[in-house]
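Residue strings, one per chain:
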Amino acid sequence: MARPERIAVLGAGSWGTTFAKVLADAGSDVVLWARRAEVAEAINGSRCNAGYLPGVRLPESLRATDDAAAAVHDADVVVLAVPSQTLRENLAGWQPLLPAGATLVSLAKGVELSTLKRMSEVIGEVADVPMEQVAVVSGPNLAKEIAAEQPTATVVACADHDRAIALQHACSTPYFRPYTNTDLIGIEIAGACKNVIALACGMAVGLGFGHNTMSSLITRGLAETTRLGVALGADPMTFAGLAGLGDLVATCMSPLSRNRTFGERLGRGETLAQAQEAAHGQVSEGVKSCSSIRQLAARHGVEMPITDVVHRVCHEGLQPGPAAAELLGRERKPE
């Protein structure tokens, strides 16, 4: 499959804008759709999306619009850069506009609450396209660092390997190194679960715990994520890669991670509403996905103790201190 010539990115948040910059820096013809006209005008006029990436100058070749039809017109690739729990609703509105045969790329990391479906499954269903036409980008990709052109790597996953290679070429820059993979299940389960584990790590920091605790949560979090992925048919090796361990470490350790900082506020005793207010009204992906991941694990008989306590802290009133004690007091067993 030839390298795509025209790419639309739907969603001008921090990651959508950053990935649009990566694509433009890689030489692709990119149009970025913003919900608000003033954001599109600012990008076209001042080359800046100040609300999400202050101080970052965007490429002259990157164009922005608030007209979704104009954004996707004749696009070879349509990148969906909206939160996981709003993907279905947004995509339903865009579906009549999508060019036939276009590769649809998900940047969202989550499991849908109502259906327990992964994002690629939601895309295939709503857009009514074969799964070979759907791709996922995931990895240790903190938007602000990438926008500053700090080196990182990522994974482009698609059941159609040739399509993954075409996307790989379309987003390869000196600071952004993409690898290909065909294991969408593993890539997406890793991406969804790492947000939940990052909430737990943030709570640990808020409680005053140090690196041993963080390392233990990351390692055991990786174990329960892998158990779920394998039960769903994923390759266990995926979880040792960039979209597994790589993304997990970045999200759990960095203060740039919204899930980590949200969890830290909860650990310090703030309520969910207070943490949300401090995050400018935004709820982290993990707060929502912990519930759907917990249900998915129960459906497949997979034990996920960290996910369970995160859900109960976020939605059932369990306090972070007792949650930590509960995890430490679990039945002892071999690793």
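About the thresholds
Residues numbered from 1 in each chain as written. Predicted model: local features only at pLDDT ≥ 70, side-chain atom pairs only at ≥ 80, totals over all residues. Heavy atoms only, no water. Buried < 20%, exposed > 50% of the residue type's maximum accessible area, 1.4 Å probe, protein only. Helix = DSSP H or I, 4+ residues; strand = E, 2+ residues; numbered from the N terminus. Arc of directions from axis to C-beta. Contact = heavy atoms within 4.5 Å. Domains from an automatic or database assignment. Buried area = accessible area lost by both parts, 1.4 Å probe. Salt bridge = Lys/Arg side-chain N within 4 Å of Asp/Glu carboxyl O. UniProt positions renumbered as here; feature names shortened; annotations may be inferred. 1 Å grid on protein atoms, 1.4 Å probe; cavity = no way out; pocket = protein on both sides within 12 Å on 5 of 7 lines; lining within 4 Å. Pairing = 2+ DSSP bridges. Right-handed = clockwise from strand over helix to strand, strands pointing away.

### Concerning helix H4 (residues 87-94)
Step number 1: Listing the buried residues of H4 in full gives Leu87, Asn90, Leu91 and Trp94. When H4 is viewed along its axis, its buried side chains cluster within an angular range of 95° and face the same direction.
Step number 2: As for H4, its buried residues are in contact with strand S1 (6-10), strand S2 (29-33), helix H3 (68-72), strand S4 (77-80) and helix H5 (119-127).

### Topic: the domain arrangement of the chain
Step number 1: Once the domains are mapped, the chain shows domain 1 (6-182) and domain 2 (185-328).
Step number 2: Taken over C-alpha atoms, the centre of domain 1 sits 24 Å from the centre of domain 2.
Step number 3: Counting residues at the interface gives 28 residues for domain 1, matched by 27 residues for domain 2.
Step number 4: When the buried area of domain 1 at its contact with domain 2 is split by residue, Lys109, Leu116 and Arg118 rank highest and sum to 29% of it.
Step number 5: Run the count over domain 1 and domain 2 and you get two salt bridges.

### Looking at the UniProt feature "binding site: sn-glycerol 3-phosphate" (unreviewed entry) in the chain
Step number 1: When the UniProt feature table is mapped onto this chain numbering, "binding site: sn-glycerol 3-phosphate" (unreviewed entry) sits at Lys109, Gly139, Lys194, Asp247, Ser257, Arg258 and Asn259. Cross-referencing the annotated residues with the lining of the second largest cavity gives Lys109.
Step number 2: Turning to its location among the elements, Lys194 is positioned in helix H8 (residues 184-206).
Step number 3: Those residues in contact with Lys194 that sit more than four places away from it in its chain are Lys109, Asp247, Leu248 and Thr251.
Step number 4: Position of Ser257 relative to the elements: it lies in the loop between helix H10 (242-253) and helix H11 (258-267).
Step number 5: Setting aside its immediate chain neighbours within four residues, Ser257 contacts Leu142, Ala198 and Thr251.

### Description of the pairing of S1
Step number 1: By the criterion of burial, S1 is predominantly enclosed, with five of the five residues buried.
Step number 2: Burial of S1 is two-sided: the residues Arg6, Ala8 and Leu10 facing one way and the residues Ile7 and Val9 facing the other way are all buried.
Step number 3: As defined by bridge partners, S1 adjoins S2 across five bridges and the pair is classed as parallel. By the bridge assignment, Leu10 is partnered in S2 with Trp33.
Step number 4: Assessed by its sense of winding, the connection that carries the chain from S1 through helix H1 (residues 14-25) to S2 is right-handed.
Step number 5: As paired strands, S1 and S4 are joined by four bridges and run parallel to one another. Opposite Leu10, over in S4, you have Leu80 as the bridge partner.

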